Each structure stands twice: as structure tokens, then as C-alpha cells.
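# Understanding the architecture of this molecule
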Amino acid sequence: MKVKGIKGFNKNLTCRGFQYKEGETFKTKRAKACEEGFHFCEKPIDCLNYYDPAHSVYHIVEGSGELSSHDGDSKVACTEIKIGAKVDIPYICKATFDYVKSKCTNEHNAKPGEPATAGYKGAATAGNYGAATAGNYGAATAGNYGAATAGYKGAATAGDSGAATAGNYGAATAGYKGAATAGNYGAATARGSVEVGENGVGTVRGENVKIRGGLGAALMIAIDTGWPNYTLVEWKAFVVDGEEVKADTWYTLKNKTLVEV
């Protein structure tokens, strides 16, 4: 069995003193999560728990052989690992949303006109103008103008003009003119406003957009022309270091320069 994921490294492509190389495969005898073997994360954003964006690099990997999973997050240990291409924070952000989306189902859809609520590890889906709430590890999805809220390590998705909120380690996605908020170590993306906590990842794109993050957050602003072509005009990726970029402060982009909102 082969499992794909993302692995974090020091900038010299080492991890715990072991030297890796892109394009090569490495083998060991035993694998036990957090103890032995080569480690990586199936859910891309979980890599930030172990390697922060300011001092690290990330690569796509493929694990096989003996596999051992971790109860706390998506960390996997394996006895054989292939090191693929280097990826950046925007890639990790998108890959996280794709991963979360692949785990969502319509099993607990709400009845017309009623809110959708799911408990621990549940999935809740509401239509336009609806409200969907899921507990820890849950997935909440709401349509246009809807509100989706998920707890710790949850996934919240809302459509155009919607609001998506996820807790620590969670992923929040909102559409056009939407607002997405994720807690510490979370990921958020929207075509409106984005807010993430400490060491989170946030991406915002649109005409009149803003973004802010806690200390250590990796953020990206992309300005485009909007409908109908959405042509990219300028973009900038940066880390909230508390000095050049203030924590918990709204920013936008003008002439490739960060501007406080």
C-alpha cells in the first residue's frame, strides 16, 4: 500500500539529523508513529505542527512498506519513503482543502428550511441561506449566504457571501465576498476576508480583499480584476513575524506593497 502526503524538512533537507534528497527513495526496518521510521502527514497543513514556514521546506512524498498512523493528527510513519517535488505554502493550502473535501459526505444533510448540526466527527450540510454546524473533526458545508462552523480539526465550507469558521487545526473555505476564519494552525481561503490564528495558513484572492494572522502565520494576498476574467494583477506571500508584519493586523496589497487596512 502506498500513501501520499507532505513532509517537512529543515532548509538543508534534513529531518532529525537524517539527510534526504529529492527524487530518491529511502528505506528502514521498522515504523512506529512518533518513534521509528520515516514520518510525513497525509493532511498537508499538519506539517506546520512540526516544521514552521519561516525555517522549513516541504516536499510531496509517497510512503509505503510498513505503515503506522498517529492518533493526534494525520502523521504517518513508514519503512519506505520516496521524496518528490518541493512545494510552497499556497500549494499546501490548496492541498489541505482538497484533502478535507475528499473526506466530506452528504450523509447528514439538513431537511429544507432547517439547520444542519452534526456532533463529533459528523458531517453537516445546509443549502443556500442555511446554517451548518459540526463538532470536533467534523465537516460543515453551507451554500450561498450560508454559515458553516466546525470545531477542533474540523472543516467548514461556505459559498458566495457566506461565512466559514473552523477551530484550531481546522480548514475554512468561503466563496466570493465570503469570510473565512480558522484558529491556531488552521487554514483559511476566501475571495473576501481571511483570518487565521498562530502558525496558520491563509490565502485571499479578489479585488477588494484583506487578510490577517497570528504570529508565525503564512499568508498570501492575490489581487485580480474580478469578473469576468479574474486576471491576476499582483500577489505576495509573507509570514507574520511580529516585526515587519504585525500579528492580528489586517493587510491588503497595493503596488506589491503590504498596506494596513
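Everything here concerns the structure above.
### Brief notes about the overall build of the chain
Counting its secondary structure elements, the chain contains one helix and 22 strands. Residue burial in the chain is summarised as follows: out of 261 residues, 49% are buried. Partitioning the contacts of the chain with sequence separation of at least 6, the portion at a separation of at least 24 is 37%. As displayed, the chain offers around 13100 Å² of accessible surface, 48% of which is attributable to carbon and sulfur atoms.

### Focus on the pairing of strand S18 (residues 210–213)
Every second residue of S18 is oriented toward a common face, the buried set being Ile211 and Gly213 and the non-buried set Lys210 and Arg212. Examined bridge by bridge, strand S16 (residues 187–196) and S18 share four bridges and lie parallel to one another. In the sheet register, Val196 faces S18, and the bridge partner there is Gly213.

### Details of the pattern of salt bridges
Summed over the entire model, instances satisfying the criterion amount to eight salt bridges. A salt bridge links Lys21 to Glu24; the shortest N-O distance between them is 3.9 Å. Note on Glu24: relative accessible area 36%, which makes it partly exposed. Residue Arg191 pairs with Asp224 through a salt bridge whose shortest N-O separation is 2.8 Å. On the criterion of sequence distance, the pair formed by Arg191 in strand S16 and Asp224 in strand S19 (residues 218–224) is long-range, its members being 33 residues apart. Three or more residues are tied together by salt bridges with common partners; here these are Arg191, Arg205 and Asp224.

### So, the pairing of strand S14 (residues 163–166)
Taken residue by residue, a regular strand's side chains alternate between the two faces of the sheet. Every second residue of S14 is oriented toward a common face, the buried set being Ala164 and Ala166 and the non-buried set Ala163 and Thr165. With four bridges connecting them, strand S12 (residues 147–150) and S14 associate as parallel partners. Within the sheet, the bridge partner assigned to Ala148 lies in S14 and is Ala164. Where S14 meets strand S15 (residues 171–182), four bridges bridge the pair, whose relative direction is parallel.

### Concerning the side chain of Ser74
Relative to the helices and strands, Ser74 resides in the loop between strand S6 (56–69) and strand S7 (75–87). Residue classification places Ser74 among the buried residues on the basis of a relative accessible area of 11%. Among the polar contacts listed, one links the side chain of Ser74 to the side chain of Asp46, at a separation of 2.7 Å. In contact with Ser74, not counting residues within four places along its chain, are Phe40, Cys41, Glu42, Lys43, Asp46 and Tyr99.

### Looking at the packing of aromatic side chains
One pass over the full model with this rule turns up seven aromatic pairs. With a centroid separation of 4.8 Å and 65 degrees between ring planes, the pair formed by Phe18 and Tyr20 is classed as edge-to-face. Here the aromatic rings of Phe238 and Tyr251 are separated by 6.5 Å at their centres, their planes lie at 70 degrees, and the arrangement is edge-to-face. With Phe238 in strand S20 (residues 232–239) and Tyr251 in strand S21 (residues 251–254), this pair connects stretches of sequence that are 13 residues apart. For the pair shown, Phe238 and Tyr251 are each scored as buried. Put simply, the rings of Phe9, Phe18, Tyr20, Phe26 and Phe38 touch in pairs and so form one group of aromatic residues. The ring of Phe9 carries the charged tip of Lys7 above its face, separated from the ring centre by 5.4 Å. The ring of Trp250 carries Lys210 above its face, with NZ or CZ at 4.5 Å from the centroid.

What counts and how
- Residues numbered from 1 in each chain as written.
- Predicted model: local features only at pLDDT ≥ 70, side-chain atom pairs only at ≥ 80, totals over all residues.
- Heavy atoms only, no water.
- Helix = DSSP H or I, 4+ residues; strand = E, 2+ residues; numbered from the N terminus.
- Buried < 20%, exposed > 50% of the residue type's maximum accessible area, 1.4 Å probe, protein only.
- Contact = heavy atoms within 4.5 Å.
- Areas by Shrake-Rupley, 256 points an atom, 1.4 Å probe, with all protein chains shown as cover.
- Pairing = 2+ DSSP bridges.
- Salt bridge = Lys/Arg side-chain N within 4 Å of Asp/Glu carboxyl O.
- Polar contact = N/O pair within 3.5 Å; in protein donor to acceptor, adjacent residues only side chain to side chain.
- Phe/Tyr/Trp six-rings, centres within 6.5 Å; stacked < 30°, edge-to-face > 60°.
- Lys NZ or Arg CZ within 6 Å of the ring centre and 35° of its normal.

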